[in-house]
Amino acid sequence: MIAYTRMYAGWARVAILEQFQYRVANYFYMIGMVAEPVIYLVVWSTVAEQRGGAVGGFTAGDLAAYYIVWTLVRNMNIVLTPYAWEQRIKEGELVTDLLRPVHPVHRDLAYFGGWKLVVIVMWLPIAAVLTWIFRPSLDPSAAEIGLFAVALWGGFFVRFFALWALGLVTLWTTRVSALFELYFTAELLLSGRLVPLSLMPTWVQTLADFLPFQWAFQFPIETLIGRRSTAEIWLGIGMQALWTCVAIGVTAVLWRRGTRRFAAVGG
Amino acid sequence: MNELQYRVNLVVQVFQSALAVATGLVGLWLVFSQTDDLVGWGAPELLAVMGVHIAMGGVIQMVIEPNMAKLMDDVRRGTLDYVLTKPADSQALVSMREVRIWSFVDVVVGAIVLGVAVVNLERSVGWIDAAGFAAALLLGAIMIYCFWLILTTTAFRLVRVENILELFQGVYQAGRWPVAIYPFWLRTSLTFLVPLAFAITVPAESLTSRLTPGTFVLASSFTAALLIVTRIVWRVGLRYYSGASA
C-alpha cells in the first residue's frame, strides 16, 4: 500500500512538473476548449432572451453558471484518449509496459490525476474572465462546494476508466476510429455537454439515465449550480462509484484477454 | 496522391462527416424546438450557414492545415532549406505542397447540406446572390489562409502546431452560427482577428439575400490588406530563419 502511495505521488509529481513547463501549450489548449461552451452559452442565452427570459427552466444567468462550471468539469474529465493506444501498440510502448511489475493503469491514473492539479490552477483566471463577462447566477453553499469537489473527482474516475476500457479495444482491431467517434457523439448528446439534458426530449433523458455519460458531466455541474438536493447529490455520487466499478471490471476483463492475445501476436 | 492507396480511409471519413452533420442537425433541431428564429435567421437559413461551415472546414483541412503543419515541421527540422533554394516563390511553394484528399468529402457534404438549405429557402436565390456567394467564399478562403500563414510564421517559437490546430478548431466551431448572435467584442474578434465572419457568415448572407454592397467592399479590401500583411510577415519571418546548418 505504501509502495503504491509513493508510486502515485511520484507519477503525479512528474505530471505537475512537466505540465507547468508547457504553460503556453496548456493555455492554447484550454482557450480552444473554452470556445465550445461559450458558443453553446451564447446560442442558448439568445434563445432564452427571445423566449422572454428562460428556456427549459434556465435563465441567461443560469446558463452562464452551467457553462462556466462546464469548463472546469470538461478540463477535469480530459483523460487518456482511446486514440493513444494505437501509438502505444505501434511504437512498442505497450511491450515495455507489460514487462513492468505494476499494471499500467496506475501510472496513467496518477499522471492524469497530477495533471488535473495544474489544470485547476490554470483554470482559475479563465473562470474569472468568463464570470466577469457573462455574469452567472451562482451562489453555492459551503456544503455544495464540498460535494462538488467530490463529484468533480468522481466524474474524472468515471470517464478515466470508461475511456481506458474503450481504448483497450485497439488490442483486437486497428479500425477503431469509427467506434470511438460514435462513442464521443453519444457522449456529447447524452451527457449534458451540448445542452443541459432538461432541454432534451423526455425519451432522451430516460435513455441518458441508463448510461454513464451524465455522471461525468452534467451531474458535477449541477451539484455546484444548485439544481440538485443534497439527497440527490449523494445518490449521484453513488452512481459515479457504481459506474467507476463497472468500468474497472470491464477494464480488468479486457486487459487480461487483450494482452494474452497481444502477446500471442507478438510472439 | 499517396493517400489514394488507403481507400478504407474514405469510408472512415464519410462516416465521420455523416456523424458531424447529424450532430449539427441535432443542435439546430434543439434550438428550433424552442424558438422559431435565431436573431432573424430561420431554420433553412441556419442550415445554409452550417453547409458553408462544413464545406469551408473541408477546404481548410484539405489544403491549408496540412501545408501549415508541414511548414512548421520543416522549420523545426531545418528542412525548409530545400524549399528556399528552389527558384520559384517560396510563399507559394510552402502553401501548396500538400493535399489531404479525403477532406474533400467534407466539401461535398457541405455542398449537399447547402443544396438542401437553398431548396427550402423562402426566397429564391438570384444570379447576383449566387455570384456574390461564390466571390465571398473565395475571399473568405484567402483570408483564412492568410490568418494561418501569419500564425504559423510567428507562433512556432512558442508552441507546436498541434496546439494551434486545437485552438483553431475550437474557435472554428463558432462559425457554425451567424456572428450576429455573439456579443460585440466576440463578434469583432471573429471578424478581424479570426476572419470567420467573412469566411462563413458573409457567404451565407449573400445566399440568403442579406449581403449589402458595403459588406462586400469591406471583405474585398480586408482581403487585400491581409494579403499584403501576410507577404510582409513571411518576408520578415524568412529573414529570421537561419536554416539547419547555422
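Residues numbered from 1 in each chain as written. Chains lettered and ligands numbered in written order. Predicted model: local features only at pLDDT ≥ 70, side-chain atom pairs only at ≥ 80, totals over all residues.

Within chain B one finds 10 helices and 0 strands. Taken from the N to the C terminus, the helices and strands of chain B come in the order α-α-α-α-α-α-α-α-α-α. Relative to the globule expectation of 18 Å for 246 residues, the C-alpha radius of gyration of chain B, 19 Å, shows essentially globular dimensions. Along the longest, intermediate and shortest principal axes, the C-alpha atoms of chain B span 65 × 45 × 30 Å. (Helix = DSSP H or I, 4+ residues; strand = E, 2+ residues; numbered from the N terminus. Rg over C-alpha atoms; globule rule 2.2 N^0.38 Å.)

The subject of this paragraph is the overall build of chain A. Summing up its helical and strand segments, chain A has 11 helices and 2 strands in all. Reading the helices (α) and strands (β) of chain A from amino to carboxyl end gives α-α-β-β-α-α-α-α-α-α-α-α-α. In summary, chain A has a C-alpha radius of gyration of 20 Å against a globular reference of 18 Å for 267 residues, a match within 12%. Taken over the C-alpha atoms alone, chain A extends approximately 65 × 40 × 35 Å along its principal axes. Counting every position in chain A, which comprises 267 residues, the buried fraction comes to 40%. (Buried ≥ 20, exposed ≤ 12 C-beta atoms within 10 Å, placed from the backbone.)

Residue and element names in this part refer to chain A. Examined against the element boundaries, E222 turns out to sit in helix α10 (residues 218-224). Exposure remark for E222: the 23 C-beta atoms within 10 Å place this residue in the buried category. For the pair E222 and I233, spaced 11 residues apart in sequence, the C-alpha separation works out to 8.8 Å. Beyond its immediate chain neighbours, meaning those up to four positions away, E222 contacts R227 and R228. (Contact = placed C-beta atoms within 7 Å.)

Chain A puts 26 residues into the contact, and the matching count from chain B is 28 residues. Sorting the residues of the side of chain A that touches chain B by element identifies α2 (23-50) and α8 (177-190) of chain A as the ones contributing at least two each. Element by element, the count of residues in the side of chain A that touches chain B is highest for α2 of chain A, at 15 residues. A class-by-class count of the residues in the side of chain A that touches chain B yields 18 nonpolar, 5 polar and 3 charged. (Nonpolar A, V, L, I, M, F, W, Y, C, P; charged D, E, K, R; others polar.)

Let us look at the confidence of the model for chain B. Of all residues in chain B, 93% have pLDDT values of 70 or greater, and the mean over the chain is 87. Interface confidence in the predicted complex, given as ipTM, is 0.86; pTM for the same model is 0.87. (pLDDT = per-residue confidence, 0-100.)

Bringing α8 of chain A into the picture now. Taking 1.5 Å per residue as the helical rise, α8 of chain A with its 14 residues ought to reach 20 Å, and the 20 Å between its terminal C-alpha atoms agrees with that figure. Along α8 of chain A, the residues that are buried comprise E187, L189 and L190 of chain A. Those residues of α8 of chain A hidden inside the fold are in contact with α9 (202-209) of chain A together with α1 (8-32) of chain B. Looking one or two residues past α8 of chain A, G192 of chain A carries a phi angle of roughly 90°, positive in sign. (Expected span 1.5 Å × (residues − 1).)

Looking now at unusual backbone geometry. Residue and element names in this part refer to chain B. Even without glycine at this site, V39 takes up a positive phi of about 35°. Inspection of the secondary structure assignment puts V39 in the loop between α1 and α2 (43-77). Look at V39 and you get partly exposed, because 13 C-beta atoms sit within 10 Å.

Ranked by size, the top nonpolar core spans 132 residues in total, and within it W44, L63, Y66, V69 and F160 of chain A carry the most contacts. When residues in this core are grouped by element, the largest group, 17 residues, is from α2 of chain B. Not counting the four nearest positions on each side in its chain, W44 of chain A is found in contact with V55, L63 and V195 of chain A. (Core = buried A, V, L, I, M, F, W, Y, C linked by C-beta atoms within 7 Å.)

Time to look at helix α10 (residues 213-240) of chain B. With 28 residues, α10 of chain B should reach 40 Å at 1.5 Å per residue; the first-to-last C-alpha distance of 41 Å fits that figure. Elements in contact with the buried residues of α10 of chain B: α4 (90-95), α6 (127-155) and α9 (196-207) of chain B.

This brings us to the confidence of the model for chain A. Confidence along chain A averages 88 in pLDDT terms, with 98% of residues attaining 70 or more. The least confident element of chain A is helix α5 (residues 93-99) of chain A, whose mean pLDDT is 80; the most confident is α10 of chain A, at 94.

Here we come to the packing of α1 of chain B against helix α5 (residues 104-120) of chain B. All names here are of chain B. For the pair α1 and α5, interaxial distance at closest approach is 10 Å and the crossing angle is 35°. Like other packed secondary-structure pairs, α1 and α5 cross with a definite hand, here right-handed. Residue-level contacts link Q13, V14, S17 and V21 of α1 to V105, D106, V109 and V113 of α5. Here the contact of α1 with α5 is composed, by residue class, of 5 nonpolar, 2 polar and 1 charged. (Axes fitted to C-alpha atoms, helices over the stretch in contact; angles between N-to-C directions. Left-handed = near helix turned anticlockwise from the far one by under 90°.)

Further remarks concern the environment of A130 of chain B. Residues and elements named next belong to chain B. Looking at where A130 falls in the secondary structure, it is placed in helix α6. Its 13 C-beta neighbours within 10 Å are what place A130 among the partly exposed residues. Separated by 76 residues in the primary sequence, A130 and S206 have C-alpha atoms spaced 7.2 Å apart.

As a further point, take the environment of L84 of chain B. Residue and element names in this part refer to chain B. Residue position: L84 is located in helix α3 (residues 81-84). On the basis of neighbour counts, which here come to 13 C-beta atoms within 10 Å, the residue L84 falls in the partly exposed class. Linking L84 and V94, residues 10 residues apart in sequence, is a C-alpha distance of 9.3 Å.

Quick look at the packing of α2 of chain B against α9 of chain B now. Residue and element names in this part refer to chain B. In contact at an axis separation of 9 Å, α2 and α9 are set at 135° when each is read in the N-to-C sense. The pairing of α2 with α9 is recorded here as oblique in orientation. By crossing handedness, the relation of α2 to α9 is classed as right-handed. Side by side, α2 and α9 meet where A48, V49, V52, H53 and M56 of the first sit next to A199, I200, T201, P203, A204 and L207 of the second. Broken down by class, the residue content of the contact of α2 with α9 amounts to 9 nonpolar, 2 polar and no charged. (Parallel < 35°, antiparallel > 145°, perpendicular 65-115°, else oblique.)

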